[in-house]
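Architecture at a glance
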Amino acid sequence: MTGDKRVVAVLGPTNTGKTTYAIERMLGHRTGVIGLPLRLLAREVYDRCVAARGPSVVALVTGEERIVPPRAQYWVCTVEAMPDGMGCDFLAVDEIQLCADPERGHVFTDRLLRARGLHETLFLGADTMRGPIRALVPNADFIQRERMSTLTYIGPKKISRMKPRSAIVGFSVENVYAIAELIRRQKGGAAVVMGALSPRTRNAQVDMYQNGEVDYLVATDAIGMGLNLDVDHVAFSSLAKFDGRRMRPLAPNELAQIAGRAGRGMKNGTFGVTGDASPLDDGVAQAITDHRFTPLKKLNWRNHALQFGSIDRLIQTLEASPDDEILVKAREADDLSALKSLGQSAEIMARCTDGPSVRLLWDVCRIPDFRGISSAEHASLLEQIFGYLHQLGKIPDDWMARQIERIDRTDGDIDALSKRLAYIRTWTYVAQRKGWTDDESHWRDAARSVEDRLSDALHERLTQRFVDRRTSVLLRRLGQKEAMVAEVSNTGEVTVEGEYVGKLEGFRFSQDKGTTGAEAKTIKTAALQALAPQFHLRADRFYNAPDTEIDFTEQGGLMWGKDAVGKLVAGSDALKPQVDVFVDDVAGPEVAQKVQRRLQHFVDRKIAALFEPLMNLSRDETLSGLARGFAFQMVEALGVLPRGQVADDVKALDQDARGALRKHGIRFGQFTIFLPLLLKPAPTRLRLVLWSLSKGIDAFPEAPPPGLVTIPIDKDAPEGADTMSGYRNAGERAIRIDMLERLADMLRAENTRSGFEAKADMLSITGMTLEQFADLMQGLGYKAEKGERPKVKAATEVVAPQADETSEPDEAGVPEAPAEDSPVTKAEGEEDVAPATEPAETKEPEAVAEVETEVFYTFTWGRALRAQVPQNRRAGAGAQNKGKPGRKGKRGAPQGDKPKAGQNFSARPPKPEKKIDPDNPFAAALMGLKDNK
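These lines cover the structure that appears in this document, whether it is placed above or below. Keep in mind the model is a prediction, meaning the values are calculated, not measured.

Along its length, the protein chain carries 30 helices and 34 strands. Here the protein chain, with 933 residues, has 47% of them falling under the buried criterion. Long-range contacts, defined as pairs at least 24 residues apart, comprise 68% of the intrachain contacts of the protein chain with a sequence gap of at least 6. When the accessible surface of the protein chain is totalled, it reaches about 47400 Å², and 49% of it is carbon and sulfur.

Spelled out as structure tokens, the structure:
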């Protein structure tokens, strides 16, 4: 084949191996050039050639990238960057049907007409180009290649039901981003491919898809130009695109070019629509599956024989019309628009007076408008570049450095990075132009390094925004129906297949709060499936855990360390609560039963330990009669009973019954009957929980802080909460039960009828101020009468009078006390009596006693008084003590006066004498003592 100048058109649909065939043919020659429609595809073909022949003989030339080794034999280029007149053995142009493209068609047409290899030329493309090629290249041979797999139309399908390895195609950046965001939420993420991406970013995204990190690809029609991707299904989200001037529907052959990416090699593929796209007409769908399209009749053309005598002459030659009916004049391209705009500048006109200047201006106008800001903005930039090149012969380094430096930033979002990538492409293109800078290699590397950094940052942002690796991995493993590996850290963090999915709190899985919708459902399904073995391991560890690792909260929760594993619920009685466990259903009934048994054991042992005195009381079979009934009431009241509630029962207890109850530690206080051991913090905390459960209270009252004698009253607390807390409400504060009984002992010694004042010991044991104590006493039923009186401060220093020389010592050898007119400090409450006579020589004291006013309270019993005996005596003293100060009636004030020795008061008939048990071995002796008494 090397001897003839053969021209071959290799035509056929997608997935026929045309590009692979061209690469193989090129590498079979000594030298070759292949032109490709996209720099993304050019980079892919370059990598394949390097893999086959090595980097030392393969060059890559695009508008923004130039890799040319010294011994380059094979040139991989974009069609616009193909070198003219190189004289290579082989030449190929891919996607030749783009001759009909409104924007770039004239470039492909020019290569069809003028580009030839010395030995072989290939034109690769769709079968619709057969007629134009036969007309314009009469000597061309044709090779028809058939698709290697079947392409099938399956109609519309929701994105949520899209199968893995699918590509969803959109025709705008906004559309692509919206679809990618939706797929991230529902499917775990997608790779994004657009023509505006740099090759580095595009390759990173494609690799992510090809490696299986994500199962979906969202792309523009850029994937239709020969990119080899492992795609099973292509779905169109729209059937129209903006072609640079207007929105237009895609032709069937354009749809086929994209849909044909589905299926690779011998693997069949499908295509359809999704989103808002309407279903394809039957005829269009059939044409795509059968690869039958209307042949192309016209190709875009622009004159290549340019004349540079003047700007006007150059414009005239660019706007020349073709002389072949198959060719049509291309619409005005961006470079021609820029030339016309700059040609109106007086300064540009003054500079372009010769051919080389006009040629230079044309080269500058061919800089693509990558930025896309506006035509005027682009023309202004081109004018600056042309000015430097024409005046200085080069672009100044400092100006070039400033342009690149302000773009060299990797902060910002996807849009910001995309704009910077578009801007750097301009300077990458400029740096590729030979002779435009002093050090071409330096500026190429500088622009390329910035583009690489921006590309990496953009890939990172795209991945962060549109890929949820966790959901993607879990969905893939769920689809494989294989057991997944879950790991639980010491802090409860759960990872499934290496991806964090949430926390295991006790025996309930709490998934990551940042997930919603389908993503959340996927994570929970995968996590619970993988955690099934972990639940059993954790249940075994919990069952064997010591009681020190388990605790209860003041709201009835049951904790294992920091994790809630259950809660207490009301049982048959207050001391027998039941357990409700917190175990996920997926753990299974065996795990739930094991957790329930362990928690019930803990609760039962905790109650037995903290309420041991109460449990012993309930089990004492020696108690009988009233004592047994009273013990039952104490157990029901959880060891604390207000005396007022059981006053009659207490009164009915004889001394033997009381003694039997006291053996269990019961104290019969004036205000409360209680077991002192159960007032400690730990039993109090448990008692409040058990009492709240038995009463059906929603929000349990909290136990007071330990060590406080008085606490503020919680007005919202349920009735009886103060007693269960070990306190009694009195005024604005509540006082601890045991300290209240100590106070009551002190109050017995006071005269509650005529009134008394608070002693220092009373204030000390309560830890209150006088005002707070007065409020407490009123809460206990006393009246507090406030008063004021003068308070005399002790003199700072008093000079004692001189002893009279004539004074005689008393019998004890001590001089007599000074006369009553000597200055002395009066006791508190005494009247200050003036001396009868002034001593002749008495020195003034250095500090005179200062009189202030002090507040005091007088306390008297404030309720109706009725005769009542002291609680530790019999009740028959009422008549004898009536009217005596210090006594109190039923529910009256504390008794003060103590009975005289030997007194015995009783209001009841004498207690019948206890009969002697005849079975008692000492019965005879006892009877004898009885008879002799």
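The rest of the description comes next.
Our next topic: the sheet that holds strand β6 (residues 90-93). Within the open sheet, the eight strands sit side by side as β4-β3-β5-β2-β6-β7-β1-β8. Their pairing is mixed. Unpaired on one side and paired on the other, β4 (66-67) and β8 (141-144) mark the two borders of the sheet. Here five bridges tie strand β2 (residues 32-36) to strand β5 (residues 74-78), and the two strands are oriented parallel to one another. When the sheet's bridge partners are listed, I34 is paired in β5 with V76. Across the face of the sheet, helix α1 (residues 18-27) comes into contact with β1 (6-11), β2, β5, β6, β7 (120-125) and β8 while running at roughly 170 degrees to β7.

If you trace the four strands from one edge of the open sheet to the other, you get β23-β24-β25-β26, paired in antiparallel fashion. The open sheet has two edge strands, β23 (550-552) and β26 (578-581), and neither has a second partner. The sheet shows a mean angle of 30 degrees between the axes of neighbouring strands, taken without regard to direction. Relative to strand β24 (residues 557-560), β23 is paired through three bridges, and the arrangement is antiparallel.

All right, on to the packing of helix α2 (residues 39-53) against helix α6 (residues 199-210) then. Pairs of packed helices are described in terms of their axes, by the angle between the two and the distance that separates them. With their axes 10 Å apart at the nearest point, α2 and α6 run at an angle of 70 degrees to one another. As judged from the angle between their axes, α2 and α6 are roughly perpendicular. In this structure, the crossing between α2 and α6 has a hand that is right-handed. Contacts between α2 and α6 involve R39, L40, R43 and E44 on the former and, on the latter, P199, R202 and N203. When the residues that make up the contact of α2 with α6 are grouped by side-chain class, the tally is two nonpolar, one polar and four charged.

This part is about the pairing of β26. What you see with β26 is a clean split: V579 and V581 sit on the buried side and Q578 and D580 on the side with no burial. Where strand β25 (residues 563-569) and β26 come together, four bridges link them in antiparallel fashion. When the sheet's bridge partners are listed, G566 is paired in β26 with V581.

On to helix α8 (residues 282-290). Of the positions making up α8, those classed as buried are A285, A287, I288 and T289. Structurally, α8 contributes buried residues whose contacts are with β9 (151-156), α7 (252-259) and β16 (269-273). Positive backbone phi, at 60 degrees, marks H291, one or two positions downstream of α8.

On to the pattern of salt bridges. Tallied over the entire structure, the rule returns 43 salt bridges. For E181, the salt bridge is made with R184, and the minimal N-O distance between the two is 3.6 Å. One end of the pair is E181 and the other is R184, both in helix α5 (residues 173-187) and three residues apart, which spans about a single turn. Assessed through its relative accessible area of 18%, R184 is described here as buried. In this structure, a network of salt bridges that share partners links the residues R43, D47, E65, R200, R448, D452 and D456.

Moving on, we get to the pairing of β7. Extensive coverage of β7 is indicated by the burial of six of its six residues. Where burial is concerned, the two faces of β7 agree: the one with E120, L122 and L124 and the one with T121, F123 and G125 are both buried. Both β1 and β7 contribute to a ladder of six bridges, which runs parallel. Bridged to V7 within β7 is T121. With four bridges connecting them, β6 and β7 associate as parallel partners.

This part takes up a positive patch on the surface. On the surface, K157, K158, R161 and K163 cluster together into a patch of positive charge. Tracing the backbone through its elements, the reader meets R161 in the loop between β9 and β10 (166-169). The exposure class of R161 is exposed, given its relative accessible area of 64%.

Moving on: helix α3 (residues 105-114). Summarising burial for α3: eight of the ten residues are buried, a large majority. Of the residues making up α3, those classed as buried are G105, H106, V107, F108, T109, D110, R111 and L112. Against β6, β7, α4 (130-136), β17 (299-301) and β18 (327-329) lie the buried residues of α3.

So, about the environment of R264. Its place among the elements puts R264 in the loop between α7 and β16. What R264 contacts, discounting residues up to four positions off in sequence, is N15, Q210, N228, L229 and D230.

Turning our eyes to something else, we now look at unusual backbone geometry. Trans is the prevailing form of peptide bonds, just as negative phi is the prevailing case for residues other than glycine. Look at E95: it is not a glycine, yet its phi comes out positive at around 55 degrees. Mapped onto the elements of the fold, E95 is located in the loop between β6 and α3. According to the relative accessible area criterion, E95 is buried, its value standing at 6%. Non-glycine residue R165 carries a positive phi angle of around 65 degrees. By secondary structure assignment, the location of R165 is in the loop between β9 and β10.

Analysis parameters
- Residues numbered from 1 in each chain as written.
- Predicted model: local features only at pLDDT ≥ 70, side-chain atom pairs only at ≥ 80, totals over all residues.
- Heavy atoms only, no water.
- Helix = DSSP H or I, 4+ residues; strand = E, 2+ residues; numbered from the N terminus.
- Buried < 20%, exposed > 50% of the residue type's maximum accessible area, 1.4 Å probe, protein only.
- Contact = heavy atoms within 4.5 Å.
- Areas by Shrake-Rupley, 256 points an atom, 1.4 Å probe, with all protein chains shown as cover.
- Pairing = 2+ DSSP bridges.
- Axes fitted to C-alpha atoms, helices over the stretch in contact; angles between N-to-C directions.
- Parallel < 35°, antiparallel > 145°, perpendicular 65-115°, else oblique.
- Left-handed = near helix turned anticlockwise from the far one by under 90°.
- Nonpolar A, V, L, I, M, F, W, Y, C, P; charged D, E, K, R; others polar.
- Salt bridge = Lys/Arg side-chain N within 4 Å of Asp/Glu carboxyl O.
- Patch = residues over 30% accessible without salt bridge, like charges linked within 9 Å, V, L, I, M, F, W, Y side chains within 5 Å.
- Lys, Arg positive; Asp, Glu negative; His and termini not counted.
- Charge placed at Lys NZ, Arg CZ, Asp CG, Glu CD.

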